[in-house]
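Descriptive analysis of the structure
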Amino acid sequence: MTATAVHRIEFEVDWPPWHVAAYLLAGEEPVLVDAGAPGDRGWRELTDGLAEVGYDPTDVEHVL
């Protein structure tokens with residue numbers, strides 16, 4: 001069994017608990033668990049979070 005890196009991507013929201021998260025499971029076919037927060041701010045936070053770990057939204061093969 002091969003270990004898979006898991007990256008947490010945080011998003012700010014306007015309600016408690018004031019943040020939510022998505023998780024990227026890195027690998028040959030990257031998987032995004034949750035798509036984060038809605039709207040333009042959520043999209044920016046998603047793309048920035050992916051970029052921080054060396055990914056682009058087009059690299060994601062699966063979304064759960």
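Refer to the preceding data block for the structure.
The rules behind each value
- Residues numbered from 1 in each chain as written.
- Predicted model: local features only at pLDDT ≥ 70, side-chain atom pairs only at ≥ 80, totals over all residues.
- Heavy atoms only, no water.
- Helix = DSSP H or I, 4+ residues; strand = E, 2+ residues; numbered from the N terminus.
- Contact = heavy atoms within 4.5 Å.
- Pairing = 2+ DSSP bridges.
- Axes fitted to C-alpha atoms, helices over the stretch in contact; angles between N-to-C directions.

With respect to the environment of Trp-18
Considering the arrangement of structural elements, one finds Trp-18 in the loop between strand E1 (6–12) and strand E2 (19–25). Separated by 34 residues in sequence, Trp-18 and Glu-52 place their C-alpha atoms 21 Å apart. For Trp-18, the residues in contact, after removing those within four places along its chain, are Phe-11, Glu-12 and Val-13.

A look at the sheet that holds strand E4 (residues 62–63)
Sheet architecture is open: four strands sit in the order E1-E2-E3-E4, paired in mixed fashion. At either margin of the open sheet sits one strand with a lone partner, and together these are E1 and E4. Inspection of the sheet shows E2 paired to strand E3 (residues 31–33) by three bridges, in the antiparallel sense. The partner of Leu-25 across the bridge, within E3, is Val-31. Relative to the sheet, helix H1 (residues 39–52) contacts E1, E2 and E3, its axis offset from that of E1 by approximately 155 degrees.

Any link to function would need more than the numbers given here.
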